[in-house]
Amino acid sequence: IVAAAALMSGIAFAKEVKVGVVLPLTGPIAAFGQTSKAGLDIAYNQNHKLKNGDNVKLIVLDDRGDKVEAATAVKRLIDKNGVTVILGEVASGNSMAMAPVAEKAKTPMITHASTNPRVTKGKKYVTRACFIDPFQGAVMAKYALDNGMKNAVVVTDAKQDYSVGLSKAFKKAFTAGGGKILKTVLINSGDKDFNAQVSTIKSMHPDIIAFTGYYPEAALMVKQARDMGVKTPFIGADGVGFPELVKIGGKAAEGFMYTDHFNEAAASSPEAKAYVEAFHKKYHKAADSMGALAADAYGMILNAMNQCIDEGKQPTDKECVNEHLRHTKGYKGITGVINIDKNGNAVKSAVINEVQNGKFVYKTTVNP
Ligand code: PHE
């Protein structure tokens with residue numbers, strides 16, 4: 001009788017639906033993974049039950065920021081853990097290592113933060129919750145040009161697909177807008193000494209330094225540049241706006257401008273406000289863009305699974321979940337309304353922030 005009652009109320013059918021998560025929780029870019037996880041935790045705690053009563057379970061693996069480990073994690077989550085969908089990674093190079101594995105296993109993957117176009121290119125099972133770098137690079141370029149900066153030196157991290165692609169996008173938009181690229185200076189993630197590059201930049205007298213890498217190198221480079229008397233402003237992108245920039249860069253980081261996905265100061269939708277409130281309550285600090293993106297990617301997964309349930313399908317139906325992820329339209333996210341285009345990319349606005357008094361201050365919003 002108990003079983004029959006449970007059956008009738010649907011309880012007997014309540015299953016566990018597994019979502020695999022791959023993040024750099026340790027290693028050189030651990031801030032990417034930790035901030036993603038913090039946002040994901042909020043979204044998960046708010047909702048992890050599907051329409052049919054099934055429970056969502058997260059299986060989180062740390063890839064230590066390594067490409068090979070990221071790809072291995074995807075394989076393990078699919079083969080051993082039997083996940084329906086994968087959320088991650090942050091760094092484009094790592095997502096590019098994961099995407100072919102997910103694609104081959106016909107398992108949907110959604111990256112919340114990887115912006116290089118090649119992550120989704122030619123893929124049927126890969127979606128992203130963020131904009132792509134041709135847009136981000138154009139926003140950087142326009143902001144620099146609008147502020148009267150005509151001559152740029154570009155700093156490219158040769159080890160990061162993200163940086164290589166973003167540099168290309170910046171240069172294209174900057175020159176198209178009438179600016180001039182004086183030089184491209186190369187660095188490698190993990191470098192600690194940028195004296196040679198800074199000397200080169202100093203001798204070129206640019207109006208702007210377009211830095212397309214990640215926060216660990218940004219922090220050290222801006223500090224060394226200021227120590228060497230270089231006063232040229234820096235503009236970066238989503239990879240730099242982390243507390244480490246200010247912690248390590250100190251006063252040298254003042255005035256660092258960068259493009260990003262979200263700033264709570266500009267958040268006006270009910271979804272964003274609710275998230276920001278929950279974030280403050282739990283972490284007692286400003287809500288960052290990375291956590292908001294992770295929460296949005298998770299929300300898109302739940303949304304897709306619930307749509308499958310509406311159609312009388314299972315939330316574990318990978319084909320169905322993928323179809324709905326790839327055709328997400330008008331999803332009211334924390335970082336904005338998310339529409340996925342035919343290539344699996346989100347079309348969304350960007351914000352521009354600037355470091356002022358050690359804080360990431362919102363400047364403006366740029367629409368696609
Ligand atoms: N866009 C970066 C990349 O593709 C990752 C990133 C996103 C880093 C958002 C910080 C904030 O590699």
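Structure report, in brief. Source: prediction; values computed, not measured.

**Some thoughts on the state of the cysteines**
For the structure on display, the rule yields 1 disulfide. Paired through a disulfide, Cys308 and Cys320 show a sulfur-sulfur distance of 2.2 Å. Here the S-S torsion is close to -115 degrees, and the disulfide linking Cys308 with Cys320 is therefore left-handed. With Cys308 in helix H11 (residues 289–310) and Cys320 in helix H12 (residues 318–326), this pair connects stretches of sequence that are 12 residues apart. Residue Cys308 shares its accessibility class with Cys320, and that shared class is buried.

**Considerations on helix H7 (residues 195–204)**
Of the residues making up H7, those classed as buried are Gln197, Val198 and Ile201. Seen along its axis, H7 keeps its buried residues to an arc of 95 degrees; they face one direction. For H7, the exposed residues set more than 90 degrees away from the buried face come down to Ala196 and Ser203. Packing partners of the buried residues in H7 comprise strand E6 (151–157), strand E7 (180–187), strand E8 (208–211) and helix H8 (215–227).

**Remarks on the pairing of strand E3 (residues 85–88)**
Each regular strand shows side chains that alternate between the opposite faces of the sheet. Where burial is concerned, the two faces of E3 agree: the one with Val85 and Leu87 and the one with Ile86 and Gly88 are both buried. Alignment of strand E1 (residues 16–23) against E3, held across 4 bridges, turns out to be parallel. Across the sheet, residue Val19 finds its bridge partner in E3, namely Val85. For E3 and strand E4 (residues 109–111), the ladder comprises 2 bridges, and the chain directions are parallel. By the bridge assignment for E4, Ile86 is matched with Met109. Remark: the E3/helix H4 (residues 92–104)/E4 crossover connection has right-handed handedness.

**A short note on the packing of helix H5 (residues 133–146) against helix H6 (residues 161–176)**
Direction vectors running N to C along H5 and H6 enclose 50 degrees, while the axes themselves pass 7 Å from each other. Regarding the angle of H5 to H6, the classification is oblique. Where H5 crosses over H6, the handedness of that crossing is right-handed. Packed against H5, whose contacting residues are Asp133, Pro134, Gln136, Gly137, Ala138, Met140, Ala141, Ala144 and Leu145, the element H6 presents Tyr162, Leu166, Ala169, Phe170, Ala173 and Phe174 at the interface. Residues belonging to the contact of H5 with H6 are distributed by class as follows: 12 nonpolar, 2 polar and 1 charged.

Thresholds applied
- Residues numbered from 1 in each chain as written.
- Predicted model: local features only at pLDDT ≥ 70, side-chain atom pairs only at ≥ 80, totals over all residues.
- Heavy atoms only, no water.
- Disulfide = S-S within 2.5 Å.
- Helix = DSSP H or I, 4+ residues; strand = E, 2+ residues; numbered from the N terminus.
- Buried < 20%, exposed > 50% of the residue type's maximum accessible area, 1.4 Å probe, protein only.
- Arc of directions from axis to C-beta.
- Contact = heavy atoms within 4.5 Å.
- Pairing = 2+ DSSP bridges.
- Right-handed = clockwise from strand over helix to strand, strands pointing away.
- Axes fitted to C-alpha atoms, helices over the stretch in contact; angles between N-to-C directions.
- Parallel < 35°, antiparallel > 145°, perpendicular 65-115°, else oblique.
- Left-handed = near helix turned anticlockwise from the far one by under 90°.
- Nonpolar A, V, L, I, M, F, W, Y, C, P; charged D, E, K, R; others polar.

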